[in-house]
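# Observations on chain architecture
Here is what each chain is made of, one letter per residue.
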2 protein chains.
Amino acid sequence: MKEYRFGIDVGGTSIKCGLFRMDGTLEDRWEIPTRTEGHGEAILPDIAASIQAKMKEKGIRREQVAGVGIGVPGPVSADGEVPQAVNLGWGRKHIVEEMESLTGLPAKAGNDANVAALGEAWKGGAEGASQVVMATLGTGVGGGIIIDGKILPGAHGAAGEIGHANMEPDEPESCNCGNHGCLEQMASATGIVRLAKKELIESGEDSILRTVEVTAKAVFDAYGQGDSLAGRVVDAFASYLGRGLAITACVVDPEVILIGGGVARAGEPLLKAVQREYEKAAFAPCKETPIRLARLGNDAGIYGAARLVDTM
Amino acid sequence: MKEYRFGIDVGGTSIKCGLFRMDGTLEDRWEIPTRTEGHGEAILPDIAASIQAKMKEKGIRREQVAGVGIGVPGPVSADGEVPQAVNLGWGRKHIVEEMESLTGLPAKAGNDANVAALGEAWKGGAEGASQVVMATLGTGVGGGIIIDGKILPGAHGAAGEIGHANMEPDEPESCNCGNHGCLEQMASATGIVRLAKKELIESGEDSILRTVEVTAKAVFDAYGQGDSLAGRVVDAFASYLGRGLAITACVVDPEVILIGGGVARAGEPLLKAVQREYEKAAFAPCKETPIRLARLGNDAGIYGAARLVDTM
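For every chain, the first residue of the written sequence is number 1, and numbering continues from 1 onward in sequence order. To label them, take the chains in the order written and letter them from A, then take the ligands in the order written and number them from 1. Only residues with pLDDT of at least 70 are given local features in this predicted model, and only at 80 or more are side-chain atom pairs given and counted; all residues enter the totals for whole chains, interfaces and linings. Based on all heavy atoms of the structure, the side-chain values leave hydrogens and waters out of the count.

## Concerning the side chain of B:Q131
The test is simple: Here a strand is any run of E in DSSP of at least two residues, a helix any run of H or I of at least four, and the numbering for each starts at the N terminus. Burial status follows relative accessibility: with a 1.4 Å probe on protein chains alone, a residue under 20% of its type maximum counts as buried, one over 50% as exposed, and anything between as partly exposed. Here a polar contact is taken to be a pair of N or O atoms separated by no more than 3.5 Å, where protein atoms must pair a possible hydrogen donor with a possible acceptor and residues adjacent in sequence count only if both atoms sit in side chains. Any pair of residues with heavy atoms lying within 4.5 Å of one another is described as a contacting pair.
By secondary structure assignment, the location of B:Q131 is in the loop between α4 (112–123) and β8 (132–137). Judged by relative accessible area, B:Q131 falls into the buried class, the value being 13%. Engagement of the side chain of B:Q131 in a polar contact is seen with the side chain of B:D148, the distance being 2.9 Å. Excluding residues that lie within four positions of it along the chain, B:Q131 makes contacts with A:L152, B:I146, B:I147, B:D148, B:P254, B:E255 and B:V256.

In structure tokens form, the structure reads like this:
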């Protein structure tokens, strides 16, 4: 009988590993470093060795393990092939095949932002929902779409890439992707800093933000203290993100919308501002769709990876 | 053995009916009037009687029929209930249950715009693709999303409602839905007329459009004759629609995007303009996603309804 599953979240500097019971109880979590040298050729063998060591330590036999799920920073095809993962040094790599042959366990793989959404839909902020949109606000804006409890990968692995929704075609600065006016330029940590710096230049107004290092956190802190310039920055951020989520809801009409990532640590004030702008822009049948904060933080990836085992 | 299926497309004035072979060959098509009086209580019995008459005429036995699919103008829940269909006079109605008891045949139901997308994905402009986005440009802008060959209904029956994507939050005029700046206000037949009338007032320029009744067709005709004012209207239309489709592609990343509906009869010039604007706004992995014209015209609904029988 299957009693365990592993969830692995591969990042550019470390690999988060989780040992789960079948019902999603996290039994153990640990990390190993990501060795990207030599085109990242040690990454999968390191993971396999770490899984085998954990099984030995816990006295778990191979027959008790349902499988290994892996989230990676890059696109992943439906059958588990990565065309490229720049942060890991990988070119084309069939990670599912390789992992299965290294561990002798069934393996599944997915894109990390999608996998995090799956984790939150399984055991996090959208637990129990089978139609979920998640926006992850970090250095960039990532996202994931869950349909019928499964990741929607898209024809080019680009489903859920709402960070590149073109919200402002007249934006003069260009996004990392080469386009102009992507949501990521307004709603990521760096996007919020960009909006704040623009506001600080354009307005002569006094602001707490003139006295501190301008970060996304500093903007939300100043907003919490009633700083009116910071308020305008938060309004602009919320208006872009709220409208972007409202358009996303016109496309897939989810049960729940989640906001996660480092920026979401700003918590309730951020959520309230985004909800207000979402409601303005949303199509009538979707105006009441709940928008919630993600709950699993950095563990969303290992939960989602573990869930992959029975959903892909 | 199952040899036939029926596809029924219920409109506000007439009901289109199709008798199909299992492989999708259209054997016969006919229409009956939509009797909306008395809260539309005659509509389903009329359809059932028409199906039974057709079976008798063709000597088809009940055991030979796989089922009846029905597309209706309004939201439809996953189990076949309509909360309301204003154009038909219906309040809450469980059409699948009613149809099954009237005909003794298995029935399935879906929203008409979604069903048209399914028809085009089965036997039309996206034949062979299983991930499809379709925009239907008529009086309004409807849409449908096909995922893994099936309609994505959404949590409130609102998936694919890209006509209500909020593209221009500062638009002063309001959409029929009550919001401001919906794609429908720019990319429907009435939206194009609205853009043209605004341009005719704001610009002093000579234009063919000053000498004819301004319709979407007149705008594309004038554009075809090199009219520069009409050119600006087409550019504005294409920029909104192209960007709306590009954002949609960031969300679901389809294999094929289709444009259908009456406005799409403008054909290649419309398609070229939209493709150009789509490419500008689309995220890199989706820039090459083909955008095509729908092919089944008014028959998309009966094809899609017939297809419902084996996909919902």
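## Overview of the interface of chain A and chain B
Here is the rule we go by: The buried area of a pairing is the accessible area, by a 1.4 Å probe, that goes missing from both parts when the two are put together, added over both. Any carboxyl oxygen of Asp or Glu within 4 Å of a side-chain nitrogen of Lys or Arg constitutes a salt bridge here. Side-chain classes are defined by residue name, with Ala, Val, Leu, Ile, Met, Phe, Trp, Tyr, Cys and Pro counting as nonpolar, Asp, Glu, Lys and Arg as charged, and the others, Gly among them, as polar.
Listed per partner, the contact involves 40 residues of chain A and 40 residues of chain B. Roughly 2,900 Å² is buried in total at the junction of chain A and chain B, and carbon and sulfur atoms are behind 64% of that figure. When the area that chain A buries against chain B is broken down by residue, the three leading residues are A:V251, A:D253 and A:F283, summing to 21%. For the pair chain A and chain B, the number of links is zero salt bridges. At the boundary of chain A with chain B, the tally comes to 22 residue pairs in polar contact (both at pLDDT 80 or more). Element by element, the count of residues in the side of chain A that touches chain B is highest for helix α8 (residues 228–252) of chain A, at seven residues. For the side of chain A that touches chain B, the residue count by class is 23 nonpolar, ten polar and seven charged.

## So, the sheet that holds strand β7 (residues 107–111) of chain B
All names here are of chain B. Operational definition: Here, strands pair whenever DSSP counts at least two bridges between them. All axes are obtained by fitting lines to C-alpha atoms, using only the stretch in contact for helices, and the reported angles, taken between N-to-C directions, cover 0 to 180 degrees.
If you trace the five strands from one edge of the open sheet to the other, you get β3-β2-β1-β4-β7, paired in mixed fashion. A single partner strand is all that each edge strand has here, and the edge strands are β3 (26–33) and β7. Averaged over neighbouring strand pairs, the angle between their axes works out to 15 degrees when direction is ignored. With seven bridges connecting them, strand β2 (residues 14–21) and β3 associate as antiparallel partners. What sits directly across from L19, in β3, is D28. In the packing of helix α3 (residues 95–103) onto the sheet, the strands contacted are β4 (65–72) and β7, and the crossing angle to β7 comes to about 145 degrees.

## Concerning the pattern of salt bridges
Note that side chains of opposite charge can pair when their charged atoms are close. This model, assessed by the stated rule, comprises 45 salt bridges over all chains. The shortest N-O distance in the salt bridge between B:R5 and B:D310 comes to 2.6 Å. Here the residue B:R5 occupies a position in strand β1 (residues 4–10), and B:D310 occupies one in the segment after α10 (300–308), the gap between them amounting to 305 residues. With its nearest N and O atoms 3.3 Å apart, the salt bridge here joins B:D310 to B:R307. A relative accessible area of 24% means that B:R307 is categorised as partly exposed. One network of salt bridges, with partners in common, ties together A:D28, A:K54, A:E57 and A:K58.

## A few points about helix α7 (residues 216–224) of chain A
Residues and elements named next belong to chain A. Where α7 is concerned, the buried positions are A216, A218, V219, F220 and A222. Against α6 (189–202), α8 and α9 (268–281) lie the buried residues of α7. Two residues or fewer after α7 comes G226, characterised by a positive phi angle close to 85 degrees.

## Details of the nonpolar core
In plain terms, the rule: To form a nonpolar core, buried Ala, Val, Leu, Ile, Met, Phe, Trp, Tyr and Cys residues must be joined to one another through side-chain atoms within 4.5 Å.
If you look at the biggest cluster of nonpolar residues, it comprises 112 residues, and the most contacted ones within it are A:F237, A:I259, B:F237 and B:I259. Ignoring any residue separated from it by four or fewer positions in sequence, one finds A:I259 in contact with A:A135, A:L137, A:L241, A:L245, A:A264, A:L270, A:L271, A:V274, A:I291, A:R292, A:L293 and A:A294.

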